[in-house]
Amino acid sequence: MISVVIPVFRNATSALELIRSLHRQKLPSDHPLEVIVVDDGSDDDSIKLLRRCETEQVHVLALPHNMGRSAARNAGAKLAHGEFLVFIDCDCRPIGTHFLATHLQMLSAGNIATCGPVTGNGDGFWSRYQNDASARRARQHARGHSFAGSTQNFAVHAKIFRQLQGFDICYATYGFEDRDLFARLSQAGTLGWCTNAIIEHIDLLTLPAVLEKMHRAAGESALLFSSKHARAYRKLGYAALDTRLHSWLRPVALLLNPALRAAPKIDRLLAHSWLPYMVTKPIVRLLVALAYMHGTSGKPLHGNKSGLDTPSS
């Protein structure tokens, strides 16, 4: 059996669309599919909508309060009956009908876990940006840095996942829980890269939201990951932006913080196709790096005086 775990927070509509797409997957007859949807303490009508899709094949688990991505995924995995676990975010869709079969083939060929590409939706700036990020992860993986994948598109032997106790719930805020698991998995066996098992990320991205996520990830989660996996933190490039490791970067981060005020205006410009991607991409990458750098300083992101306490799922 293959068990797909889908964490959900305030996004039942997308989760239902994902479930429908999973029913179209083509699998060997001796590999039945089960889907486990975990509502991570949504405070809207998500759980009511999700309950409507429950069948013998689709199970819904409601957590009593928001516990974060790691705990939600672990809770789903605990209920799973499958020999193989597949994790997909609810705002993603598998491309093609052989997505699961492709992961299964690689898992049956000696890999203890597999990751695959995450592409954007459409042909706008953010689609190209996500495609580039996925290609960068593939190159890092090819160089032996198997901690560079994403759990938006991830499969693993259930036995190995449980032996490693799944995702580390100490990553209670946004970011790095996936890289932590990959780093631990890489010590237990081979992680394969599934080039042909592609996930499409359909959520609408905005520059302010992306900067906020990077700022949030740079806090407690990055500090925990860097302390546990210092080598991986350096290889991924985050250490070079960390003011906790390079004190001279702190005044630079504080000095350049006002540049982040331009994010809403730049975001509107990104929607115009006449702007060359070779111009917009380095600007966005610079702002993303600056947001991360500023996040490591412990200061709130510009314009958010109360800090960043958005739920993590």
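Located above this text is the structure these notes cover.
Attention in this report is confined to the structure presented alongside it. Not measured: the values here are computed from a predicted model. (Residues numbered from 1 in each chain as written. Predicted model: local features only at pLDDT ≥ 70, side-chain atom pairs only at ≥ 80, totals over all residues. Heavy atoms only, no water.)

## Brief notes about the sheet that holds strand S10 (residues 199–201)
Point 1. Reading across the sheet, the three strands line up as S5-S10-S7 and stay open at both edges, with mixed pairing between neighbours. Either end of the sheet is taken by a strand with one partner, and the two such strands are strand S5 (92–94) and strand S7 (118–119).
Point 2. Here S5 runs beside S10; their pairing, made up of three bridges, is antiparallel. Within the sheet, the bridge partner assigned to Cys 92 lies in S10 and is His 201. (Pairing = 2+ DSSP bridges. Helix = DSSP H or I, 4+ residues; strand = E, 2+ residues; numbered from the N terminus.)

## Re a positive patch on the surface
Point 1. A grouping of Arg 136, Arg 139, Arg 143, Arg 231, Arg 234, Lys 235 and Arg 285 is seen on the molecular surface, where their side chains present a positively charged patch.
Point 2. Counting only elements with at least two residues in the positive patch, the list comes to helix H5 (125–142) and helix H10 (230–235).
Point 3. The element that contributes the greatest number of residues to the positive patch is H10, accounting for three residues.
Point 4. Counting through the fold element by element, Lys 235 comes out in helix H10.
Point 5. The exposure class assigned to Lys 235 is partly exposed, which follows from its relative accessible area of 41%. (Patch = residues over 30% accessible without salt bridge, like charges linked within 9 Å, V, L, I, M, F, W, Y side chains within 5 Å. Areas by Shrake-Rupley, 256 points an atom, 1.4 Å probe, with all protein chains shown as cover. Salt bridge = Lys/Arg side-chain N within 4 Å of Asp/Glu carboxyl O. Lys, Arg positive; Asp, Glu negative; His and termini not counted. Charge placed at Lys NZ, Arg CZ, Asp CG, Glu CD. Buried < 20%, exposed > 50% of the residue type's maximum accessible area, 1.4 Å probe, protein only.)

## Details of the environment of Tyr 129
Point 1. Position of Tyr 129 among the secondary structure elements: in helix H5.
Point 2. The class of Tyr 129 is buried, set by a relative accessible area of 16%.
Point 3. As a C-alpha pair, Tyr 129 and Asp 40 span 89 residues in sequence and 29 Å in three-dimensional space.
Point 4. In this structure Tyr 129 touches Tyr 277, Lys 281, Val 284, Arg 285 and Val 288, once residues within four positions along its chain are discounted. (Contact = heavy atoms within 4.5 Å.)

## As for helix H4 (residues 99–107)
One turn of the α-helix equals 3.6 residues, which is why residues spaced by three or four share an orientation.
Point 1. H4 sits mainly inside the fold: seven of its nine residues count as buried.
Point 2. Taken residue by residue, H4 has Phe 99, Leu 100, Ala 101, Thr 102, His 103, Leu 104 and Leu 107 as its buried positions.

## Here's the deal with unusual backbone geometry
Point 1. One non-glycine residue with positive phi stands out, namely Arg 10, at about 55°.
Point 2. Relative to the helices and strands, Arg 10 is located in the loop between strand S1 (2–8) and helix H1 (12–22).
Point 3. The exposure class assigned to Arg 10 is partly exposed, which follows from its relative accessible area of 42%.
Point 4. In this model, Gln 165 sits at a positive phi of 65°, which is unusual for a non-glycine residue.
Point 5. Mapped onto the fold, Gln 165 is located in the loop between helix H6 (158–163) and helix H7 (177–186).

## Remarks on the pattern of salt bridges
Point 1. Applying the stated criterion across every chain, the model contains twelve salt bridges.
Point 2. With a shortest N-O distance of 3.1 Å, Arg 69 and Glu 177 are connected by a salt bridge. One end of the pair, Arg 69, is in helix H3 (residues 69–79); the other, Glu 177, is in helix H7, and 108 residues separate them in sequence.
Point 3. A relative accessible area of 2% means that Glu 177 is categorised as buried.
Point 4. Between Glu 177 and Arg 73 there is a salt bridge, with the nearest N and O atoms lying 3.2 Å from each other. Pair noted here: Glu 177 is in helix H7 and Arg 73 is in helix H3, with a separation of 104 residues, a long-range link.
Point 5. For Arg 73, a relative accessible area of 1% gives the class buried.
Point 6. One continuous salt-bridge network, built from bridges that share partners, spans Arg 69, Arg 73, Asp 89 and Glu 177.

## So, the packing of helix H8 (residues 207–217) against helix H13 (residues 277–296)
Point 1. Where H8 contacts H13, the two axes come as close as 7 Å, and the packing angle between them is 35°. Relative to H13, the crossing made by H8 is right-handed. Along its contact with H8, which presents Leu 207, Val 210, Leu 211, Met 214, His 215 and Ala 217, the element H13 presents Val 284, Leu 287, Val 288, Ala 291, Tyr 292, His 294 and Gly 295.
Point 2. Counted by class, the contact of H8 with H13 contains ten nonpolar, three polar and no charged residues. (Axes fitted to C-alpha atoms, helices over the stretch in contact; angles between N-to-C directions. Left-handed = near helix turned anticlockwise from the far one by under 90°. Nonpolar A, V, L, I, M, F, W, Y, C, P; charged D, E, K, R; others polar.)

## Some remarks on the environment of His 98
Point 1. Mapped onto the elements of the fold, His 98 is located in the loop between S5 and H4.
Point 2. With relative accessibility at 46%, the residue His 98 sits in the partly exposed group.
Point 3. Spatially, the C-alpha atoms of His 98 and Arg 24 are 9.1 Å apart, while their sequence positions differ by 74 residues.
Point 4. Beyond its immediate stretch of four places on either side in the chain, His 98 contacts Gln 25 and Lys 26.

## Some thoughts on the packing of H5 against H13
Point 1. H13 packs onto H5 with a crossing angle of 70° between their chain directions and a minimal axis gap of 11 Å. As summarised for this structure, H5 and H13 are arranged roughly perpendicular, according to the angle between their axes. Here H5 runs over H13; the crossing is right-handed. From H5, Phe 125, Trp 126, Arg 128, Tyr 129, Asp 132 and Arg 136 reach across to H13, where they touch Tyr 277, Thr 280, Lys 281, Val 284, Arg 285 and Val 288.
Point 2. Looking at the contact of H5 with H13 residue by residue, the classes come out as six nonpolar, one polar and five charged. (Parallel < 35°, antiparallel > 145°, perpendicular 65-115°, else oblique.)

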